[in-house]
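# Structural characterization, general
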Amino acid sequence: MSWYTFFVQTGKEDHIKQHIDRHYDDKQLKCMIPKKIIPEKRQGIVQDEVKVLFPGYIFVKTNRIQDVYHSIKTTPHVYYLVGSSSCTTGHTKEYFTKIPENQMEWLLQLFGHNHIIGYSDIMVLDKNVHVISGPLMGKEAIIRKIDKRKGRAKIEVQLLNDIRLIDVGIEILSPLS
């Protein structure tokens, strides 16, 4: 089965996923909305918030994109299949653009089995970032910026032909003296 991305109305991702899950079984189509846990400060209190990682996008995994495309496309608040156009790959013409397998495998490792990026424990030593545990472990190269005050890291993620900077939650550990 291959992964595809639909662009939808921001804020309606969960509603659309529920609609798709009601109309398709897991053997035919799987729908996913990657999320992240980040600290948010409201009225002086810091709380963990679960937010959509790619606002306005839902991911579907299917072998039958030709069969389900028009049904999903007519779902309220679904705009279009990302990258859907007539493109030539090798000797064949494809209308539906798959997310490359290596990109999706990398993203799924980052999300984990529950499709939520949790906190990573990091240490900053002489401007070098060391990830001690969490989803960013071994992925220090994608960290572009650390915001110690907000408890967030800005990471670089590639999705199809687009590179995005995304905030994720971090816990900054102090080095032992």
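This text follows the structure it describes.
Here is a short report on the structure shown in this document. Because the structure is a prediction, the values reported are computed rather than measured.

### Some thoughts on the side chain of Thr62
- Along the chain, Thr62 falls in strand β5 (residues 57-62).
- Judged by relative accessible area, Thr62 falls into the buried class, the value being 1%.
- Among the polar contacts listed, one links the side chain of Thr62 to the backbone nitrogen of Arg64, at a separation of 2.9 Å.
- Non-local contacts of Thr62, meaning those with residues more than four positions away in its chain, are made with Met1, Ser2, Tyr4, Gln28, Leu29 and Val68.

### What about unusual backbone geometry?
- For Gln43, which is not glycine, the phi dihedral falls at a positive 50 degrees.
- Structurally, Gln43 is set in the loop between β3 (35-42) and β4 (45-52).
- The class of Gln43 is exposed, set by a relative accessible area of 82%.
- Non-glycine residue His77 carries a positive phi angle of around 75 degrees.
- Inspection of the secondary structure puts His77 in the loop between α2 (65-73) and β6 (78-81).

### A few points about the pairing of strand β14 (residues 162-172)
- Of the strand pairs in this sheet, strand β10 (residues 120-125) and β14 are connected by 3 bridges, and their pairing is parallel. Within β14, the position partnered with Asp121 by the bridge is Glu171.
- Here strand β13 (residues 152-159) runs beside β14; their pairing, made up of 8 bridges, is antiparallel. Residue pairing in the sheet places Ala153 in a bridge with Val168 of β14.
- In this structure, the hairpin formed by β13 and β14 is closed by a connection of 2 residues, where Leu160 is found at a positive phi of approximately 55 degrees.

### Section: the packing of aromatic side chains
- Throughout the structure, instances matching the rule amount to 5 aromatic pairs.
- Between Phe7 and Tyr80, the ring centres sit 5.3 Å apart and the planes meet at 35 degrees, which makes this aromatic pair tilted. In this pair, Phe7 sits in strand β1 (residues 2-8) while Tyr80 sits in strand β6, placing the two residues 73 residues apart along the sequence.
- For Tyr80, a relative accessible area of 40% translates into the label partly exposed.

Basis of the calculations
Residues numbered from 1 in each chain as written. Predicted model: local features only at pLDDT ≥ 70, side-chain atom pairs only at ≥ 80, totals over all residues. Heavy atoms only, no water. Helix = DSSP H or I, 4+ residues; strand = E, 2+ residues; numbered from the N terminus. Buried < 20%, exposed > 50% of the residue type's maximum accessible area, 1.4 Å probe, protein only. Polar contact = N/O pair within 3.5 Å; in protein donor to acceptor, adjacent residues only side chain to side chain. Contact = heavy atoms within 4.5 Å. Pairing = 2+ DSSP bridges. Phe/Tyr/Trp six-rings, centres within 6.5 Å; stacked < 30°, edge-to-face > 60°.

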